[in-house]
Amino acid sequence: MTLQRLVNALALRGHRVQVVRPRQFKHDGEEADLYSELLVPGLPCPGYPELKIGLPVNLRLKKHWHANPPDVVHVATEGPLGLAALQAARSLEIPVSSSFHTNFHAYSKHYHVGFLRNAGLAYFRWFHNRAACTFAPSADVIADLEGAGFKNMHLMGRGVDNGLFNPERRDEALRASWGAGPDTPVAICVGRLAAEKNLHLVAETWNKLRMAHPDLRLVLVGDGPLGHSLKSKFPEVRFSGVHRGTELARHYASADLFLFASVTETFGNVVTEAMASGLAVVAYNYAAARTHVRDGSNGFLANFDDARDFQAAAARAMEQRHKWPEVRQAARVTALGLSWENVVDGFEKVVGGLVKQPLADVCVTNA
C-alpha cells in the first residue's frame, strides 16, 4: 500500500515512473493508469504462495536501462529481483535508493529459522549499504539498523487515508452480526493470521478481560496459517476473513478498541488506520505506536514485548471506558495530521539529491 501510494504520487507530480515487478497470478491484464510496468518472471513465495517473487533478471534490466536510463532506481525489496536491480543499476552508474520494511531478523524465529537471523541481517546490511541511501519507516528502526552498521539511513514515515478510514463508516448492522449492540464493547485486530503477529496474546488478553467485562467481543480481520488453530482454541472470537478498501474501513470503524500485540513491525500501518477510524489503540511502545500514541490520551501503551504489561494496558483501557469518546476523538485528530503529501515530499527531496539534474524518471522494483 505504501509503495503504491508513493508510485502514484510521484507520477501525479509529473515524474515518469516505471515499476518493475514479477507477473502475479491476478491483475496482470490490468494496465497501470499513471505509470508504466516492466513485468518479469517470478516464482511463488515460500509461505505466501499467493505472491510471486521476481527472478534475478540482471541482463534484462541492464539492457533495458542501458537503452532507457532512469534518473534513479528505487529498490523496494531485497529479494532476487531487488538484487538484480541493484547490481544492474550500479553497473550503469545509475543512483540507487532502497527501502527497508521487512523485519526478517526479528520474525525469523516465528518460522523456525532463527538460526538464519545473523546471516539475514548481514545480507540486508550488505545489500542496503550498496545503495546510496536507505529509507526506513520509523526512528526506532533507523536506530536499530544504524546500531547494526547500516549507513545513509533516512526516515520515510507513513501517512493514512483519512477519507477512507473514518469513524463515520461505523455500521450497527455489522456490529449486530458480531453479536454486539450499540453499547457493547468490541475489540478488533487487523492483519495476517500468522505467528509474527502475536495473535494468541491478543486472544488470551481478550479472554482475560471477559472475566471483568463479559460482554466484550473480539473480531479478527485477516487470514493466514494460524487461522485453524486460533479458531479451535478461541471459538467465540469472530473471524471476519480478509477485507480491503471500504469494507476494511467499515470493520475498523464498527469496533471500539484496537488490540495490536505484534513485536515485528517496521512501522505498523494498521495502528494509524485504527486511529483514523476513531479507535482506542492498545499496542506496544515502539514503531507507529511510539511515534503517534500518547498513553492515556489517544491510546494505551505497553512496554515492548512484555505480555503482562500488554494485558495490563488493555485492562486499563477497559477500566477507562468512560474516557473512550475523548480518547477516540484524540486518536482521530492525531491521524488527521498524518499527510501522505509530507511523506512524498521527503522522499522526493532525498532521492532528488542523488541526481545532478532535476528528478524526472524514477524506476521502482518490487518483489
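Residues numbered from 1 in each chain as written. Predicted model: local features only at pLDDT ≥ 70, side-chain atom pairs only at ≥ 80, totals over all residues. Heavy atoms only, no water.

## A short note on helix H13 (residues 307-319)
Helical geometry note: an α-helix holds 3.6 residues per turn, so side chains three or four residues apart project in the same direction. The criterion, for reference: Segments assigned H or I by DSSP are reported as helices when at least four residues long, segments assigned E as strands when at least two residues long, and all are numbered from the N terminus. Helix span is expected to be 1.5 Å times the residue number reduced by one. Here the term buried applies to any residue with accessible area under 20% of the maximum for its type, exposed to any over 50%, and partly exposed to those in between, with areas from a 1.4 Å probe on protein chains only. Regarding the arc, it is the one traced by the directions from the helix axis to the C-beta atoms. We call two residues contacting when some pair of their heavy atoms lies within 4.5 Å. In the analysis that follows, any N or O atom pair within 3.5 Å is treated as a polar contact, provided that within protein one partner can donate a hydrogen and the other can accept it, and provided that, for residues neighboring in sequence, both atoms belong to side chains.
With 13 residues, H13 should reach 18 Å at 1.5 Å per residue; the first-to-last C-alpha distance of 18 Å fits that figure. Residues Phe 310, Gln 311, Ala 313, Ala 314, Ala 317 and Met 318 constitute the buried set of H13. Axial view of H13: buried residues confined to an arc of 155 degrees, hence all on one face. Turned more than 90 degrees away from the buried face of H13, the exposed residues are Arg 308 and Glu 319. Packing partners of the buried residues in H13 comprise helix H8 (199-212), strand E12 (257-260), strand E13 (280-284), strand E14 (299-302) and helix H14 (324-336). Its side-chain oxygen 3.2 Å from the backbone nitrogen of Arg 308, Asp 306 forms the N-cap of H13.

## Quick notes on the sheet that holds strand E8 (residues 153-155)
Counted only if it meets this: Note on pairing: DSSP must find at least two bridges between two strands before they are called paired. Between N-to-C directions, angles cover 0 to 180 degrees, with each direction set by a line fitted to C-alpha atoms, over the stretch in contact for helices.
Pairing within the open sheet is parallel, and its seven strands lie in the order E2-E1-E15-E5-E6-E7-E8. Either end of the sheet is taken by a strand with one partner, and the two such strands are strand E2 (36-40) and E8. Strand-to-strand twist of the sheet, defined as the mean angle between neighbouring strand axes without regard to direction, takes the value 25 degrees. Relative to the sheet, helix H1 (residues 2-12) contacts strand E1 (16-22) and strand E15 (361-365), its axis offset from that of E1 by approximately 150 degrees.

## Some points on the nonpolar core
For soluble globular proteins, nonpolar side chains are generally found buried alongside one another. The condition that has to hold: To form a nonpolar core, buried Ala, Val, Leu, Ile, Met, Phe, Trp, Tyr and Cys residues must be joined to one another through side-chain atoms within 4.5 Å.
The biggest cluster of nonpolar side chains holds 67 residues, and the ones touching the most others in it are Leu 220, Tyr 252, Leu 257, Phe 258 and Val 282. For this core, the element with the highest residue contribution is H8, accounting for six residues. Residue contacts for Leu 220: discarding those within four places in its chain leaves Cys 189, Leu 193, Leu 199, Val 202, Leu 230, Val 237, Arg 238, Phe 239, Ser 240 and Gly 241. Ranked by size, the runner-up nonpolar core spans 21 residues in total, among them Trp 340, Val 351, Val 355 and Val 364.

## Section: the pairing of strand E6 (residues 96-99)
As a reminder of what qualifies: Here the term right-handed applies to a crossover when the path leading from its first strand over the helix to its second strand runs clockwise, the strands being oriented away from the viewer.
The two faces of E6 match: Val 96 and Ser 98 on one face and Ser 97 and Ser 99 on the other face are all buried. Here strand E5 (residues 72-75) pairs with E6 via three bridges, running parallel. Along E6, the bridge assignment pairs His 74 with Ser 97. Note that the unit made of E5, helix H3 (residues 80-91) and E6 has a crossover that is right-handed. Relative to strand E7 (residues 133-136), E6 is paired through three bridges, and the arrangement is parallel. The residue of E7 that forms the bridge with Ser 98 is Thr 134.

## Remarks on the pairing of E13
Every other side chain in a regular strand lies on the same face of the sheet, so the side chains alternate between the two faces. Of all five residues making up E13, five are buried, and the element is well covered by its neighbours. A two-sided burial pattern is seen for E13, the buried positions comprising Ala 280, Val 282 and Tyr 284 on one face and Val 281 and Ala 283 on the other. The pairing of E12 with E13 spans four bridges and is parallel. What sits directly across from Leu 257, in E13, is Ala 280. The handedness of the E12 to E13 crossover, carried by helix H11 (residues 269-276), is right-handed. Pairing analysis gives four bridges linking E13 to E14, with the strands arranged parallel. Bridge assignment links Ala 283 to a residue of E14, and that residue is Leu 301.

## Remarks on the packing of aromatic side chains
To keep things clear, this is the line we draw: Two rings from Phe, Tyr or Trp (for Trp, the six-membered ring) form a pair when their centres are within 6.5 Å of each other. A pair whose planes differ by under 30 degrees is stacked, one over 60 is edge-to-face, and the rest are tilted.
As enumerated under the stated definition, the model contains twelve aromatic pairs in all. Seen from their ring centres, Phe 258 and Phe 260 are 5.8 Å apart, and the 25 degrees between their planes marks the pair as stacked. Take Phe 260: its relative accessible area is 6%, and that puts it in the buried class. Look at Tyr 284 and Phe 304: their rings are 6.2 Å apart centre to centre, the planes differ by 70 degrees, and that puts the pair in the edge-to-face class. Residue Tyr 284 is located in strand E13, and its partner Phe 304 is located in the loop between E14 and H13; the two are separated by 20 residues in the primary sequence. Under the relative-accessibility criterion, Tyr 284 is labelled buried at 1%.

## A closer look at the sheet that holds strand E11 (residues 238-241)
Taken in spatial order, the six strands line up as E11-E10-E9-E12-E13-E14 in an open sheet, and their pairing is parallel. Two strands in the sheet have a free side with no partner beyond their single neighbour: E11 and E14. Averaged over all pairs of adjacent strands, the angle between strand axes in this sheet comes to 20 degrees, irrespective of strand direction. Judged from the two bridges that link them, strand E9 (residues 186-190) and E12 form a sheet pairing that is parallel. Each bridged residue has a counterpart across the sheet, and for Ala 187 the counterpart in E12 is Leu 257. Where H11 meets the sheet, its contacts fall on E9, E12 and E13, and the angle it forms with E12 comes to roughly 170 degrees. Against the sheet, H13 makes contact with E12, E13 and E14, and its axis sits at roughly 160 degrees relative to E14, the strand it touches most.

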